[in-house]
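Coordinate analysis (summary)
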Amino acid sequence: MTETPLVMVLNGPNLNLLGSREPQIYGHDTLDDIAARLEDQAQALGLAVDIRQSNHEGHLVDWLHEAGARGALAVILNAGAFTHTSIAIHDAIKGIAVPVIEVHLSNPHAREDFRHISFVAKAAKGSISGFGAASYRLALDAAAALRH
Ligand code: DQA
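Description of the structure in this document. Note that the structure is a prediction, hence the values are computed from the model and not measured.

The next subject is the overall build of the protein. A tally of helices and strands in the protein yields five helices and five strands. Counted from the first residue to the last, the protein has its helices and strands arranged as β-α-α-β-α-β-α-β-β-α. A compact globule built from 148 residues would reach a C-alpha radius of gyration of about 15 Å, and the protein, at 14 Å, matches this within 12%. Expressed along its principal axes, the backbone C-alpha trace of the protein runs to roughly 50 × 30 × 25 Å. Considering only intrachain contacts with a sequence separation of at least 6, the fraction spanning at least 24 residues in the protein is 78%. Of the roughly 7300 Å² that the protein leaves accessible, carbon and sulfur atoms contribute 52%. Distance from the positive charge centre (11 side chains) to the negative charge centre (16 side chains) of the protein: 5 Å.

Parameters at a glance
- Throughout this description, residue numbers start from 1 for each chain and increase along the sequence as written.
- Owing to the predicted nature of the model, reporting of local features is limited to residues with pLDDT of at least 70; listing and counting of side-chain atom pairs is limited to 80 or more, with chain, interface and lining totals taken over all residues.
- Side-chain descriptors were evaluated using all non-hydrogen atoms of the structure, hydrogens and water having been removed beforehand.
- Numbering of helices and strands runs from the N terminus, with a helix taken as a DSSP run of H or I at least four residues long and a strand as a DSSP run of E at least two residues long.
- We take the radius of gyration over the C-alpha atoms and set the globule estimate at 2.2 Å times the residue count to the 0.38 power.
- Contact definition: two residues touch when any of their heavy atoms are within 4.5 Å.
- Surface accessibility in these figures is a Shrake-Rupley result with a 1.4 Å probe; residues are shielded only by whichever protein chains are displayed.
- Positive: Lys, Arg. Negative: Asp, Glu. His and the chain ends are not part of the count.
- Here the site of a charge means atom NZ of a Lys, CZ of an Arg, CG of an Asp or CD of a Glu.

Below, the structure written as structure tokens:
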């Protein structure tokens, strides 16, 4: 039997506060709510998901390397504010042979100027933003479409 393809879903700083953090921007779902729906969706798609969150940049770098070492099908990455600052995360994406799907709940381009640059987008396969928690569902569908 062939192994179930793996999608790692990596979440960066402050996303542990989803549900209570600026709900007018990010909605009322918690990260656990989103994770539970992704688990169900993954099962229906025949994928395995490994969903994590950290407030520390280096953890995200290490987990991207891990996705490469595990031969993941894709990484879904919401790097939070590190999106706009982190060349280390950009370089980690470049350094692995795994497509990375950038995700945001909000649409950073419709917000403050400092959110208009994305070091993740410059290295990612593609980006999905602005659909609230549904951005993650769309990203998992995009990951499934990478299977061949
Ligand atoms: C975010 C957008 C970022 O600009 C912000 O720093 C976040 C959340 C989003 O999902 O909309 O932390 O990545």
